[in-house]
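Here is what each chain is made of, one letter per residue.
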Amino acid sequence: MSEQSPALELRRINKSFGPVHANKDISLSVDRGSIHGIIGENGAGKSTLMSIVYGFYQADSGDIFVNGQSCHIENPQSSIKAGIGMVHQHFMLVDTFTVLENIILGVEGGYRLSEGLAAARNELIRLEKEYALEVNVDAIVGDLPVGLRQRVEILKALYRGAEILILDEPTGVLTPQEADHLFRILDTLRKQGKTVILITHKLREIMAITDNVSVMRRGEMVAHVKTRETNQAALAERMVGRSVLLQVEKKPANPKDTLVSIRNLNYLDADDVPRLKDINLDLKAGEILGIAGVSGNGQSELLEVLGGMLTPTSGSIRFEGRELVGSKAFTARNLRKIGLGHVPEDRHRSGLILSFSANECTILGYHDKPEYNRGLRLDRKSMVETCQSYIQKYDVRPPDPYLKASGFSGGNQQKLVLAREMEQNPDVLLVGQPTRGVDIGAIEFIHKQLIMMRDAGKAILVVSVEIDEVMSIADRIAVMFDGGIVGEIAASEATETRLGLMMAGVRETRPGAKEAV
Amino acid sequence: MTEGSVKFAAPLKIPGWVNYALIPFINLLAALLISGIVILIIGDSPIVALKVLIYGAFGYPEAVGYTLYYTTNFIFTGLAVAIAFHCGLFNIGAEGQAALGGIGVSLVCLYFDNLPLWLVIPFAMTAAAIFGAAWAYIPAYLQAKRGSHIVITTIMFNFIAASILTYLLVEVLIDPNGQSPESRHFIESTWLPYFHDFIAMPSTPLNISFVYALVLSAGFYFLVWHTRWGYEIRVVGQNETAARYAGISPSKNIILAMVISGALAGFVGINELQGVQHRLILDFTGGYGFVGIAVALMGRNHPIGIFLAALLFGALYQGGSELAFEMKSINKEMVIVIQGLIILFSGALEHMFRPKIEAAYRRFATTQTAEAG
Amino acid sequence: METFHIIILLLDATFRVATPLVLAALAGMFSERAGVVDIGLEGKMLGAAFAAAAVAAVSGSAWVGLGAGILASIALSLLHAYACVTHKGNQVVSGMAINIVVAGLTPTLGYAWFSMGGQTPHLGGDARFKSITLPFAEAVHDIPVIGYIYAELISNHNIIVYLAAAAVPICAWILYKTRFGLRVRAVGENPHAVDTAGISVDWMRYKALMVTGFLCGIAGSYLSTAHGAGFIRDMTAGKGYLALAALIFGKWRPVPTLFACLLFAFTDAVQARLQGVELPIVGVIPVQFIQALPYILTVLLLAGFVGKANPPKSIGEPYIKER
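Residues numbered from 1 in each chain as written. Chains lettered and ligands numbered in written order. Predicted model: local features only at pLDDT ≥ 70, side-chain atom pairs only at ≥ 80, totals over all residues.

## Describing the overall build of chain A
Here's step 1: Secondary structure summary: chain A contains 17 helices and 22 strands in total.
Here's step 2: Taken over C-alpha atoms, the radius of gyration comes to 25 Å for chain A, in line with the 24 Å a tight globule of 517 residues would show.
Here's step 3: Principal-axis analysis of the C-alpha atoms places the extent of chain A at approximately 75 × 50 × 50 Å.
Here's step 4: Taking the contacts inside chain A whose residues are at least 6 apart along the sequence as the reference set, 68% of them involve residues at least 24 apart. (Helix = DSSP H or I, 4+ residues; strand = E, 2+ residues; numbered from the N terminus. Rg over C-alpha atoms; globule rule 2.2 N^0.38 Å. Contact = placed C-beta atoms within 7 Å.)

## Quick notes on the overall build of chain B
Here's step 1: A count of helices and strands for chain B gives 15 helices and 0 strands.
Here's step 2: The C-alpha atoms of chain B give a radius of gyration of 22 Å, which matches the 21 Å a tight globule of 373 residues would have.
Here's step 3: Judged by the C-alpha coordinates and their principal axes, chain B covers about 80 × 55 × 35 Å.
Here's step 4: Expressed as a percentage of its 373 residues, the buried residues of chain B come to 54%. (Buried ≥ 20, exposed ≤ 12 C-beta atoms within 10 Å, placed from the backbone.)

## Digging into the interface of chain B and chain C
Here's step 1: Contacts between the two partners involve 39 residues from chain B, matched on the other side by 37 residues from chain C.
Here's step 2: Only α5 (117-146), α6 (150-172), α12 (288-298), α14 (333-348) and α15 (350-372) of chain B provide two or more residues apiece to the side of chain B that touches chain C.
Here's step 3: The residue inventory of the side of chain B that touches chain C, partitioned by class, reads 23 nonpolar, 12 polar and 4 charged. (Nonpolar A, V, L, I, M, F, W, Y, C, P; charged D, E, K, R; others polar.)

## Examining the domain arrangement of chain A
Residues and elements named next belong to chain A.
Here's step 1: When the domains of chain A are assigned, the result is domain 1 (8-240), domain 2 (256-339 + 429-517) and domain 3 (347-425).
Here's step 2: Taking only C-alpha atoms into account, the centre of domain 2 sits 26 Å from that of domain 3.
Here's step 3: In this complex, domain 2 contributes 9 residues to the contact, which on the side of domain 3 involves 10 residues.
Here's step 4: Here the side of domain 2 that touches domain 3 gets 4 residues from one element, more than from any other, and that element is helix α15 (residues 440-455).
Here's step 5: Classifying every residue of the side of domain 2 that touches domain 3 by side-chain character gives 5 nonpolar, 2 polar and 2 charged. (Domains from an automatic or database assignment.)

## Section: the nonpolar core
Here's step 1: Within the largest apolar cluster, 389 residues are counted, with the highest numbers of intra-cluster contacts made by Ile-166 and Val-462 of chain A together with Leu-21 and Ala-246 of chain C.
Here's step 2: Looking at which element gives the most residues to this core, the answer is helix α3 (residues 61-86) of chain B, with 15 residues.
Here's step 3: Residues within four places of Leu-21 of chain C in sequence aside, it is in contact with Lys-239, Leu-242, Ala-243, Ala-246, Cys-261, Phe-264 and Ala-265 of chain C. (Core = buried A, V, L, I, M, F, W, Y, C linked by C-beta atoms within 7 Å.)

## Looking at the sheet that holds strand β8 (residues 195-200) of chain A
Pairing between the strands of a sheet is mediated by backbone hydrogen bonds and can be parallel or antiparallel.
All names here are of chain A.
Here's step 1: Reading across the sheet, the 6 strands line up as β6-β7-β8-β3-β9-β10 and stay open at both edges, with mixed pairing between neighbours. Looking at which strands have only one partner, the edges of the open sheet turn out to be β6 (84-87) and β10 (220-226). Ignoring strand direction, the axes of neighbouring strands in this sheet form an average angle of 20°.
Here's step 2: Of the strands in this sheet, β6 and β7 (164-168) are in contact with helix α5 (residues 146-159), which crosses β6 at around 170°. (Pairing = 2+ DSSP bridges. Axes fitted to C-alpha atoms, helices over the stretch in contact; angles between N-to-C directions.)

## A word on the interface of chain A and chain C
Here's step 1: Facing 23 residues of chain A, the contacting portion of chain C comprises 18 residues.
Here's step 2: Those elements that place two or more of their residues in the side of chain A that touches chain C are α2 (76-81) and α4 (113-131) of chain A.
Here's step 3: Tallying contributions element by element places α2 of chain A first for the side of chain A that touches chain C, with 3 residues.
Here's step 4: Across the side of chain A that touches chain C, the residue classes tally to 12 nonpolar, 7 polar and 4 charged.

## Overview of the sheet that holds strand β4 (residues 61-66) of chain A
All names here are of chain A.
Here's step 1: Taking strand neighbours across the sheet as the criterion, the 4 strands line up as β2-β1-β4-β5 in an open arrangement whose pairing is antiparallel. This sheet does not close on itself; its edge strands, each paired only once, are β2 (20-30) and β5 (69-70).
Here's step 2: Two strands pair when backbone bridges link them, and strand β1 (residues 8-17) and β2 are joined in this way by 7 bridges, in the antiparallel orientation. Bridge pairing links Leu-8 to Val-30 in β2.

## A look at unusual backbone geometry
Here's step 1: The step from Arg-397 of chain A to Pro-398 of chain A runs through a cis peptide bond, and the omega angle for that step is -5°.
Here's step 2: Phi at Asp-234 of chain C is positive, roughly 55°, even though this residue is not glycine.
Here's step 3: For Asp-234 of chain C, the location among the structural elements is in the loop between α10 (201-227) and α11 (239-249).

## Structural notes on the confidence of the model for chain A
Keep in mind that low pLDDT regions are not for reading the predicted coordinates in detail.
Here's step 1: For chain A, mean pLDDT is 87; residues scoring 70 or higher make up 95% of the total.
Here's step 2: This model gives residues 511-517 of chain A a pLDDT under 50, and the stretch forms 12 contacts once residues within four places in sequence are excluded. (pLDDT = per-residue confidence, 0-100.)

## Examining the pairing of strand β19 (residues 428-432) of chain A
Residue and element names in this part refer to chain A.
Here's step 1: With 5 of its 5 residues buried, β19 lies for the most part within the structure.
Here's step 2: Neither face of β19 is exposed, since Val-428, Leu-430 and Gly-432 on one face and Leu-429 and Val-431 on the opposite face are all buried.
Here's step 3: Alignment of strand β16 (residues 340-343) against β19, held across 4 bridges, turns out to be parallel. Looking across to β19, one finds that Leu-340 is bridged to Val-428.
Here's step 4: As judged from the 5 bridges shared by β19 and strand β20 (residues 459-463), these two strands associate in the parallel manner. The partner of Leu-429 across the bridge, within β20, is Ile-460.

## Some remarks on the pairing of strand β3 (residues 35-39) of chain A
All names here are of chain A.
Here's step 1: Of all 5 residues making up β3, 5 are buried, and the element is well covered by its neighbours.
Here's step 2: Both faces of β3 are covered, namely the face carrying Ile-35, Gly-37 and Ile-39 and the face carrying His-36 and Ile-38.
Here's step 3: Two strands pair when backbone bridges link them, and β3 and β8 are joined in this way by 5 bridges, in the parallel orientation. When the sheet's bridge partners are listed, Gly-37 is paired in β8 with Leu-198.
Here's step 4: Note that β3 and strand β9 (residues 212-217) share 4 bridges and pair parallel.

## A word on the environment of Gln-291 of chain C
Here's step 1: Tracing the backbone through its elements, the reader meets Gln-291 of chain C in helix α13 (residues 287-302).
Here's step 2: Residues Gln-291 of chain C and Ala-219 of chain C lie 72 residues apart in sequence; the distance between their C-alpha atoms is 21 Å.
Here's step 3: Excluding anything up to four places from it in sequence, Gln-291 of chain C contacts Ser-163 of chain B together with Gln-271 of chain C.

## Focus on α4 of chain A
Here's step 1: With 19 residues, α4 of chain A should reach 27 Å at 1.5 Å per residue; the first-to-last C-alpha distance of 26 Å fits that figure.
Here's step 2: Of the residues making up α4 of chain A, those classed as buried are Leu-113, Ala-120 and Leu-124 of chain A. Buried residues of α4 of chain A, viewed axially, fall in a sector of 40°; they line one side. For α4 of chain A, the exposed residues lying more than 90 degrees away from the buried face are Glu-115, Ala-118, Asn-122, Ile-125, Arg-126, Lys-129 and Glu-130 of chain A.
Here's step 3: Looking at the buried residues of α4 of chain A, the elements they touch are α3 (99-104) and α5 of chain A together with α7 (159-177) and α8 (179-189) of chain C.
Here's step 4: Directly beyond the C-terminal end of α4 of chain A, a positive phi value near 55° is found at Ala-132 of chain A. (Expected span 1.5 Å × (residues − 1). Arc of directions from axis to C-beta.)

## Remarks on the confidence of the model for chain B
Here's step 1: Within chain B, residue pLDDT values average 89, and 95% of them lie at 70 or more.
Here's step 2: Two summary scores accompany this predicted model of the complex, namely pTM at 0.86 and ipTM at 0.89.

## Remarks on the environment of Thr-72 of chain B
Residue and element names in this part refer to chain B.
Here's step 1: Mapped onto the elements, Thr-72 comes out in helix α3.
Here's step 2: Residue Thr-72 is classed as buried on the basis of its C-beta count, with 29 C-beta atoms lying within 10 Å.
Here's step 3: For the pair Thr-72 and Gly-289, spaced 217 residues apart in sequence, the C-alpha separation works out to 12 Å.
Here's step 4: Not counting the four nearest positions on each side in its chain, Thr-72 is found in contact with Ser-209, Phe-210, Ala-213 and Asn-271.

## Describing the packing of helix α1 (residues 2-33) of chain C against α7 of chain C
Residue and element names in this part refer to chain C.
Here's step 1: Where α1 meets α7, the closest approach of the two axes is 9 Å, and the angle between their N-to-C directions is 25°. One finds that α1 runs roughly parallel with respect to α7. Here α1 and α7 pass one another in a crossing that is left-handed. In this structure, α1 contributes Phe-15, Arg-16, Thr-19, Val-22, Leu-23, Leu-26, Met-29 and Arg-33 to the contact, and α7 contributes Ile-160, Val-161, Ala-164, Ala-167, Val-168, Cys-171 and Leu-175.
Here's step 2: Considered class by class, the residues forming the contact of α1 with α7 number 12 nonpolar, 1 polar and 2 charged. (Parallel < 35°, antiparallel > 145°, perpendicular 65-115°, else oblique. Left-handed = near helix turned anticlockwise from the far one by under 90°.)

## Focus on helix α11 (residues 268-277) of chain B
Residue and element names in this part refer to chain B.
Here's step 1: Counting buried residues in α11 gives 8 out of 10 residues, a clear majority hidden from the surface.
Here's step 2: Next to the buried residues of α11 lie α3, α4 (94-111), α5, α7 (209-226), α10 (250-266) and α12.
Here's step 3: Of the residues flanking the end of α11, it is His-278, one or two places downstream, whose phi is positive at about 60°.

## Considering the packing of α7 of chain C against helix α12 (residues 254-274) of chain C
Residues and elements named next belong to chain C.
Here's step 1: Taken N-terminus to C-terminus, the directions of α7 and α12 make an angle of 150°; their axes are 9 Å apart at the nearest point. With respect to α12, the axis of α7 lies roughly antiparallel. Crossing hand, α7 versus α12: right-handed. Contacts from Val-168, Cys-171, Ala-172 and Leu-175 of α7 reach α12 at Pro-254, Val-255 and Leu-258.
Here's step 2: Taken together, the residues of the contact of α7 with α12 sort by class into 7 nonpolar, no polar and no charged.

Now the structure itself:
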């Protein structure tokens, strides 16, 4: 092994999951002591590739070299031995354990815990100092905020002697400011000679912190460049394979009456934790209101309350002048009947029943409508016909109303859900993460459909964690932080910095910024 | 976009006959194979045993009558477990619900026996349904509203039901003229008509509750796949979040499915007590509730499958007694072994053969189409 | 003195009844803390009871019988692991299947091998675990209270009773103070964390289930070679389920589980005493009510009326690497 050899090198890695070729002939070289970004859309194969490096999956073919030496990685154990650590997108922590217990899991050093715990405590104090990663090692992990849990994950990897640290979408749950803090930590790691691989689909992060960047698209590695020799637009083009329309074409909005007005809405969850705090919003006919924010700041709860899935603790929601809170109409089923459609954030968790056929999914939420029933009986024929018509209109492929929902790709599943909710011709449409996990072609289609609905005079609420998406399709943007609305601005006045600050909970004091009433 | 070029065809659809016939058959075969080994170990011939078993179950009209009488119980409990499965619930409590159903039937037959038969039958059925349903309602309510795990609560409820039954028979309903913990005999006017009352066949316990079980099977099919209530139950069973999203109340449907389940299990009391025993006795549930799990698993929660699986277990029960009679070292517990093995292979180990069979089918199908094309 | 004597007798009976419950509940603890539901405790105990009695009868040694009981129970535990861990089968169904198979298999084999209607021969002599008189028990017997308690209550049990008493602190130590225990608890809470830490989830669960089999084997052997003198069909009579209830009642923790077992065993001892006895105010309590009491209590606990039970988070779910 020489000092010149790259810290990690991959040669012609292939991996298939059944019919899906997730990684095709991937080669990659990561310099020691650098931060290397791997960027690509959802489903481009980044996570799969890194799971192979971490030994979570076995590559079908290809070689891995660590420090110039061929390395056979067959499980996480061998990967850890080779000095590779990974911070997963979903934290791999035991919530009921203390930080210390979590860190020594797997490297306890002997069958008795007490010695291992004591040794680990000293070592951690050293690591915390060296990398500025303070955390109370005796705290129960389940009680820690997200940012700190991520630190525990990093410490866990360092404690195992990781020289190469892989972070998979580490900022998905962080505010831009927390993310900046993370980047400072990564910078410290780089200075100490560690190698960092950062997987993300966010261009901003790549530009902010990496030395080199590799771009993946549809399971293939399409570019390796030095970060300072490229720019966001060029990377974006590589990611999607053609120039992206960053702005959807649309006419200026022509807002009319307020259809839904939300006042002082509060929601406490089962553990009495406030999830929504004094929300005030208006949805107007002919306008798209976008809700931006880091995920987990109350957006999901807002959608679920408005969709009738959760009962607010206090406040008022008026729909076309009539109070919903406390009324009979305020259930998920009745709201649909009075003209409120809801495309949920997570189609797998709630929008579809994956084991049901497409035509059975077509009536989800509308299954007691007269057109699907004949007396006691469900009208199977009319279900199939309706599904067929949706499939045609929304170009769902394959066009098979009897295919199980799980048999469609993400984009086509989303189209099925959108079709169901839009074709009921609701006056108000709630849409959560309209294009999550959807391919580019379908994204354009979905955005156009939403704008068409807007132009037809409907009121639309779009919740998205993708700042670009909110900025491009919304007419007005409200930002949520910690369950409350931080502020509301016109889309034309929005910039990433402004939204980013608001997403971190910084209220605007600038003149002209419109605070929510 | 090249959306069209993305491969959808890849996971070749597995046809129904593989799913519903071939795989259960192979699981059954595995269970019988192991049972055969057990029989070899205890020093008998598995082949002879199988012959005796089949003859004992179907070989002569009387045997068929007995087989169908057992089948009736298994249809009731199989359907009971299946409706709960459709709602994503594991009802281990069919045994206890059957016990309560039997108590309901007995109370009607003991205390309302002055009513004419045409009134006693629906009355007793209703009592069976209500008692069984009520016994399922409590665990269902605790699951739906308080999150108590239904598997554990229904297990506990089986024991509590057994205690109640014992208490009633020892302290309350015991026949004052008898010694054993049994109620007095129901008077003849409350008995369900036997099959041999209508058609020319030897006298067997087979009674009209068999027909009732078939009617319920048809109703089950209609309810689950062709009504909005069945749709709701299945939505809740597949995905509770989606149910809440669609405005379908999970707790309401959990309770509904369990109440139906308990009622179905309760009907065992009709067949056993009103049909055959004509008095309330201890342990009349005879493990039918537990075997109902096997029936539902093998029958893949579909009434036709359940009927076939119930017939299989009915044949095992009936053929098993013949087996114990005919073979020197086999007693009727051997049937319990076979039952357990069937549950093991078609339930717990269902993923053992399935991928291999499906892969084999895919290989077979692809070569076929390749040759054809 | 009479009441005191009765209490001592009650407690003595309680210990004897509690022994298999404690062992089986601790067995269940390892399985369930590792994330595998085990309603097959009943079957494993029954299998062990049969194997122990059969082998003890043939070999004439209770210890050899115990070894056979443990092996039989571990084998059943491995079957459970094979179905639920290797093949990701439904854990409840697997436990159920094991219970039913064993319920049928033990009398079948017993009938074939011993021709005694499914029982094993009566065990005597060295084929059965006998009571041990602790040192000085005779000498201190007449010392009021303490000596009497020592001689009558603490002394004069068979070795497995003492084993069960020792098993509680040992199991607690293993669960909370050793690497194995840490990993067992982790794999039941978040198997993904265990997997990414480079530990095989499947192998961990296999190991935990072997411990379950081991302890359950002792519990079952106790029934046929220590408490009883031979195997009788269905001799566990729901004790496996009762142990499971105690485990839940003890919130999956060793010491509270011990107390749950003692409580359940005590109700059993009391019930034998109370048969037909008229109590002030309440009158005669039906035996069946007292028999059902442990189950009623467990249901009340599960319903959140008596405390709150928080099961291991990933219990019942087969571990599947997400893609």
